[in-house]
Amino acid sequence: MFGVVLVLLMIGGAVFADLLVAAEPNRISPRDRFQGPSLAHLMGTDQLGRDLFSRVLHGGRIALSVALISIAASLVIGVVLGLIAGYGPRWLDNLMILLFDAIKSFPTVMLALALVTLFGPSLTAVMVVVVLVNVPGYARIIRTQTLALKSAQFVTAAQSMGAGTARVLRAHVLPNVIGPLLILASMDIPVVIAIEAGMSFLGLGVRPPTPSWGAILNDGFTAIRDTPWIAIAGGLPIILTTLGFTFLGETLRDVFDPRLKARG
Amino acid sequence: MKQHTMTRRSFLAAAGAFGAATMAVPRFALSQDGSVLTVRSYSDLQVLDPAFRLSLPEDDIIRSIFAPMVIPQAGDTWGWKAIAVDSIDQLDDVTIAFTLKDNIGFTDGYGQMTAEDVKFSIERIADPAMESPYAGDWSALKEVEVKDKLSGLIHLKNKFVPLWSTTLPTPASCILSKRAMEELGDKITTQPVAQSGQYILADWQPKQKTVLRRNPDWAHEPGGFDEIHILPIEDPATAERGFEAGDLDYTWTSVSSLPRLKADPPAGSVVLEKPSLAYVWLGINQDVAPFDNPNIRRAVQHAVDRQGVVDAAYFGAASVGNGIIAPGLPGSRSSVTYDYDPDKARALLEQEGATNLSVTLDILNQSERLTAAQVIQANLADVGISCEIKQNDSGTFWTLGSKDGDYWNKLQLILSRYSMQPDPSWATVWFTPEQVGVWNWERFNNAEYKALHEQGLVESDNAKRDEIYKKMQGLMDESGCYVFLTHEVVGAIHRDTIVPGLKPNGESLFSEFKAA
């Protein structure tokens, strides 16, 4: 429940940022720099006098949209490829496994740096990295489960009743394999948020002045001797979001697999 | 056999004791034998060729491994110190006599340094066929005459005022082995051969560390440390953290950190503030749309709140600058010819029908530059120009405007910082027509400017030089290609266990660092 509340708070903060805080996230006011938390600025201000609370809430939009869009895209692509690999002919399965392993063998950071060097820093580049990194894992899980179900009696029965491949996969295989993947996906969201924050921290994510938790964290690192509030403002939402989605994943696991809950 | 079990309590006690011990043992900035100096440079090395060097940290390494005739003198006054020469004297306006020290050798079996090597090294930089960006340092050179094995005469075509301030004490006087260069090719990259300085390059791990080791064959005043480890750390704020963590013995600090560090220096350290010869400006490429229209360039000049940019980026530690020549030198100005006037900027844009302009601003990935860039971005947004900031690492940044690359014709706005030697000609030389696509990335191309630059090189009357260099900066203002921001100040911090060898403007001379 705690996870659900945290996640809802984060999503609510991001969605209703404009209503929750009046300060414009990119409005510069150097005379107000490095202010501590106050009623006027709930989380203080950064080195350019920008309101940190506003930047954190608007940064949440970036973090959550990157996470949700790229995880959703990874899920769709991973599911399709996993079903094809698991249900298709052996040679195709072997080829796809080789491809998944090849992509998986790239260290995430190196892959991200290579893509950013090729295409330049942008939100799209970050999302492409996330999709590339996650698809092989998701596809492998679906493939393994599909292989196990391929010769199950209810699948054979559907085939003997004339169901085509697409229908078998959509109506009989997919509903039985998607559960574990949803749990995994929810637990991957904080990982994706950390990737986006890390790229922005290095100056390779969103372009300034767009607020991003990683960029705020970087500002905080630079000014840590002047004020700790910027680093706190950048780090706190990353920690809370990570906790929230991790707890949410565990809740989902309990829902999808009650046996684990009983054991736990 | 006795069983050792670790309880939670004993683990916490042991961890606590270890932590306390770690805190109690003093941190040694130098290694146990006091012979390793660890310093930060703001960029990694890319070229070790005196004729093609790219950055100040490379200058320092080049000067340490290829013996120069002279180096700048460490201390608070500008001067020079002989390194490879026993004597060097100006006989008249156009003749300099030199005699090399007798026993300087080149590594890798390239024998003794001779006057032939001096002739080769100097004429190589001056040779137009070499296309060295530093050819201007020796623009007055006629020839180097070899008198005997160790001595010779440098003949100039005409009087050259900056010779002793900005030519000889730079890597332009470093002496290479003629034989090595002829055998191995005409350029030095990152793997030097025939080294001859107080130190030799022992190791280079790209983006991690450069190690200079004391040259065992150097028979004169030795370097102060067995090894100098140079860590490339682009962001000064990161370097400050490294210094405070005990990983560095010396570093430049960010200007914005100076007030805090001066008020509360870390234990066992000394904080220095030096007047800077650097200049920071917003450059506008006049050959790329929309800035091929002079009125749009002028609109940017009026749109940028220079005081606001400097205050935000440097937290009040630096003042607004008015040109490329630092205070105290002939040609230093007290104002520019454009003012902060957003209404005028909007009017110019409207007059040119420039609406919904979208431009890019390239910067070095460094916190102060990013802060300055964001204020500029806000200023431009205020007059209706949308500006995207592109952060670049140093390797990319320092090649952005090069005519050999493919980005110069996309480069629009650039936030730059150059440093100079203590003569105004060393600032103006980078903006001559010959430098277009080399270091002149605004592609400012003005024949009158060039003529004035050449006039300044032979004029020894300071009042007249002042007039010449002010006029040149006026031409730069008029072109609309420049928004001058600041000369900064130089902040540095070092352990009290070392005596840093620094030029009056705070730039380091690795070979002059000593243990306290």
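Considerations on the overall build of chain B
Part 1 of the reasoning: When helices and strands are tallied, chain B shows 15 helices and 20 strands.
Part 2 of the reasoning: The globule rule puts the C-alpha radius of gyration for 516 residues at 24 Å, and the 25 Å found for chain B is close to it.
Part 3 of the reasoning: Once the C-alpha set of chain B is aligned to its principal axes, its extents read approximately 90 × 75 × 40 Å.
Part 4 of the reasoning: Per-residue burial over chain B gives 60% buried out of 516 residues.
Part 5 of the reasoning: Once local pairs closer than 6 in sequence are excluded, the contacts in chain B between residues at least 24 apart make up 69%.
Part 6 of the reasoning: When the accessible surface of chain B is totalled, it reaches about 20,200 Å², and 51% of it is carbon and sulfur.
Part 7 of the reasoning: Positive and negative side-chain charges of chain B, numbering 47 and 69 respectively, have mean locations separated by a distance of 4 Å.

Points about the overall build of chain A
Part 1 of the reasoning: Scanning chain A from N- to C-terminus turns up 11 helices and zero strands.
Part 2 of the reasoning: Reading the helices (α) and strands (β) of chain A from amino to carboxyl end gives α-α-α-α-α-α-α-α-α-α-α.
Part 3 of the reasoning: The C-alpha extent of chain A, read off along each of the three principal axes, is 75 × 45 × 30 Å.
Part 4 of the reasoning: As displayed, chain A has an accessible area near 12,800 Å², and 70% of this comes from carbon and sulfur atoms.
Part 5 of the reasoning: Computed over 19 positive and 14 negative side-chain charges, the inter-centroid distance for chain A is 9 Å.

A closer look at the sheet that holds strand S14 (residues 357–364) of chain B
Residue and element names in this part refer to chain B.
Part 1 of the reasoning: The sheet built from five strands is open, its strands ordered S15-S14-S16-S13-S17 with mixed pairing. Looking at strand neighbours, the two that pair on one side only are strand S15 (385–392) and strand S17 (482–486), the edges of this open sheet. When strand polarity is set aside, the average angle formed by the axes of neighbouring strands in this sheet is 25°.
Part 2 of the reasoning: Packed onto the sheet, helix H9 (residues 306–314) meets strand S13 (279–284) and S17 and runs at close to 40° relative to S17.

So, the sheet that holds strand S6 (residues 141–146) of chain B
Residue and element names in this part refer to chain B.
Part 1 of the reasoning: One open sheet holds the four strands; their spatial order is S4-S5-S7-S6, and the pairing between them is antiparallel. Both edges of this open sheet fall to strand S4 (85–92) and S6, since each of them pairs with a single strand only. Between one strand and the next, the sheet's axes are offset by a mean angle of 15°, whatever the strand orientation.
Part 2 of the reasoning: The pairing of strand S5 (residues 95–100) with strand S7 (residues 151–156) spans five bridges and is antiparallel.

Here's the deal with helix H10 (residues 342–351) of chain B
Residue and element names in this part refer to chain B.
Part 1 of the reasoning: Taken together, the buried positions of H10 are occupied by Pro342, Ala345, Leu348 and Leu349. Summarising the axial view, the buried residues of H10 lie within an arc of 120°, below the 170-degree limit, and thus occupy one face. For H10, the exposed residues set more than 90 degrees away from the buried face come down to Asp343, Glu350 and Gln351.
Part 2 of the reasoning: In the core, the buried residues of H10 are packed alongside helix H8 (294–303), S14, helix H11 (367–382) and S15.
Part 3 of the reasoning: Two residues or fewer past H10, Gly353 is found with a positive phi of approximately 65°.

What to know about the interface of chain A and chain B
Part 1 of the reasoning: Every contact between the two is made by 17 residues of chain A and, on the other side, 22 residues of chain B.
Part 2 of the reasoning: A combined buried area of about 1,700 Å² lies between chain A and chain B, and 55% of that area is made up of carbon and sulfur atoms.
Part 3 of the reasoning: Between the two partners, chain A and chain B, sit three salt bridges.
Part 4 of the reasoning: One salt bridge connects B:Glu244 with A:Arg225, and the closest N-O pair in it is separated by 3.0 Å.
Part 5 of the reasoning: Classifying every residue of the side of chain A that touches chain B by side-chain character gives nine nonpolar, three polar and five charged.

What to know about the packing of aromatic side chains
Residues and elements named next belong to chain B.
Part 1 of the reasoning: Per the stated rule, a full pass over the model turns up 26 aromatic pairs over all chains.
Part 2 of the reasoning: Ring centres of Phe431 and Tyr482 lie 5.6 Å apart, and the angle between their planes is 90°; on these two criteria the pair is classed as edge-to-face. With Phe431 in the loop between helix H13 (425–428) and helix H14 (447–458) and Tyr482 in strand S17, the pair connects residues that are 51 residues apart, well separated along the chain. Tyr482 carries the same exposure label as Phe431, and that label is buried.
Part 3 of the reasoning: Over the ring of Tyr134 we find Arg53, and its NZ or CZ is 3.6 Å from the ring centre.

Let's talk about H14(B)
Residue and element names in this part refer to chain B.
Part 1 of the reasoning: In a regular helix each residue adds 1.5 Å, so 12 residues correspond to 16 Å; H14 covers 18 Å between its end C-alpha atoms and thus fits that length.
Part 2 of the reasoning: Here H14 has its buried residues at Tyr449, Leu452, His453, Gly456 and Leu457. Seen from one end, H14 has its buried residues packed into an arc of 145°, which puts them on one side.
Part 3 of the reasoning: The elements touched by buried residues of H14 are H13 and helix H15 (462–479).
Part 4 of the reasoning: Backbone nitrogen of Glu448 and a side-chain oxygen of the N-cap are separated by 2.9 Å at the start of H14; the cap is Asn446.

Considerations on the nonpolar core
Part 1 of the reasoning: Counting residues in each nonpolar core, the largest one holds 126 residues, and the members touching the most others are B:Met69, B:Phe98, B:Ile154 and B:Phe431.
Part 2 of the reasoning: Membership of the second largest hydrophobic core comes to 56 residues, among which are A:Met127, A:Val155, A:Ala158 and A:Ile189.

Here we look at the side chain of A:Arg207
Part 1 of the reasoning: Take A:Arg207: it is sitting in the loop between helix H8 (165–201) and helix H9 (213–222).
Part 2 of the reasoning: Side chain to side chain, A:Arg207 and B:Glu388 meet in a polar contact 2.3 Å long.
Part 3 of the reasoning: Excluding residues within four positions of it along the chain, A:Arg207 makes contact with A:Pro121, B:Glu388, B:Ile389 and B:Lys390.

Here's the deal with the side chain of B:Ser276
Residue and element names in this part refer to chain B.
Part 1 of the reasoning: Its location among the elements puts Ser276 in the loop between strand S12 (269–275) and S13.
Part 2 of the reasoning: Within the structure, the side chain of Ser276 is placed 2.8 Å from the backbone nitrogen of Ala278, a separation counted as a polar contact.
Part 3 of the reasoning: Polar side-chain contacts of Ser276 include one of 3.0 Å to the backbone oxygen of His487.
Part 4 of the reasoning: Excluding residues that lie within four positions of it along the chain, Ser276 makes contacts with Ala326, His487, Glu488, Val489, Val490 and Asn505.

Points about a nonpolar patch on the surface
Residue and element names in this part refer to chain A.
Part 1 of the reasoning: The grouping of Phe2, Ile239, Leu243 and Phe247 at the surface amounts to a nonpolar patch, some 370 Å² of accessible area in total.
Part 2 of the reasoning: In terms of residue count, the dominant contributor to the nonpolar patch is helix H10 (residues 229–256) (three residues).
Part 3 of the reasoning: By secondary structure assignment, the location of Ile239 is in helix H10.

Description of the confidence of the model for chain B
Note: predicted coordinates in regions of low pLDDT should not be interpreted at a detailed level.
All names here are of chain B.
Part 1 of the reasoning: Averaged over chain B, the pLDDT score is 90; the fraction of residues at 70 or greater is 93%.
Part 2 of the reasoning: Of all the helices and strands in chain B, helix H1 (residues 8–24) carries the lowest mean pLDDT, 47, while S13 carries the highest, 98.
Part 3 of the reasoning: pLDDT under 50 marks residues 18–33. Its contacts with residues more than four places away, or in other chains, come to 13 contacts.
Part 4 of the reasoning: The ipTM value of the predicted complex is 0.76, and its pTM value is 0.76.

Rules behind the numbers
Along each chain, residues carry numbers from 1 onward, in the same order as the chain's sequence is written. The naming scheme follows written order: chains are lettered A onward, ligands numbered 1 onward. This being a predicted model, a pLDDT of at least 70 is required before a residue's local features are given, and a value of 80 or more before pairs of side-chain atoms are given or counted; all residues contribute to the totals for chains, interfaces and linings. For side-chain calculations, the full set of non-hydrogen atoms in the structure is used, while hydrogens and water are omitted. Runs of H or I in DSSP of at least four residues are treated as helices and runs of E of at least two as strands, each being numbered from the N terminus. This radius of gyration counts C-alpha atoms alone. The globule rule is 2.2 Å times how many residues there are, raised to the power 0.38. Working definition: with a 1.4 Å probe on protein chains only, accessible area under 20% of the residue-type maximum means buried, over 50% means exposed, and in between means partly exposed. Residues count as neighbours in contact if any of their non-hydrogen atoms are within 4.5 Å of one another. Surface accessibility in these figures is a Shrake-Rupley result with a 1.4 Å probe; residues are shielded only by whichever protein chains are displayed. Asp and Glu count as negative and Lys and Arg as positive, but His and the ends of the chain are not part of the count. The atom standing in for a charge is NZ when the residue is Lys, CZ when it is Arg, CG when it is Asp and CD when it is Glu. At least two bridges found by DSSP between two strands are what make those strands a pair. Lines fitted to the C-alpha atoms define the axes, with helices restricted to the stretch that makes contact. Angles between their N-to-C directions range from 0 to 180 degrees. In this context, the arc is that of the directions from the helix axis out to the C-beta atoms. Joining two parts hides part of their accessible area as seen by a 1.4 Å probe, and the buried area is that hidden amount summed over both. Any Lys or Arg side-chain nitrogen located within 4 Å of an Asp or Glu carboxyl oxygen qualifies as a salt bridge. Residues are grouped as follows: Ala, Val, Leu, Ile, Met, Phe, Trp, Tyr, Cys and Pro are nonpolar; Asp, Glu, Lys and Arg are charged; all remaining types, including Gly, are polar. Paired rings are identified among Phe, Tyr and Trp, the last through its six-membered ring, by centres lying within 6.5 Å, and are further divided according to the angle between planes into stacked (under 30 degrees), edge-to-face (over 60) and tilted (the rest). The criterion for a charge sitting over a ring is simple: Lys NZ or Arg CZ within 6 Å of the ring centre, and within 35 degrees of the ring normal. Take the number of residues in a helix, subtract one, and multiply by 1.5 Å to get its expected span. As used in this structure description, the phrase polar contact means that two N or O atoms lie within 3.5 Å; if the pair is within protein, one of them must be able to donate a hydrogen and the other to accept it, and residues adjacent in sequence are counted only when both atoms belong to side chains. Put simply, a nonpolar core is a bunch of buried Ala, Val, Leu, Ile, Met, Phe, Trp, Tyr and Cys residues held in one set by side-chain atoms that sit within 4.5 Å of each other. Like charges within 9 Å and nonpolar side chains (Val, Leu, Ile, Met, Phe, Trp, Tyr) within 5 Å are joined into patches, using only residues over 30% in relative accessible area that form no salt bridge. What pLDDT expresses is the predictor's confidence in each residue, scored from 0 to 100.

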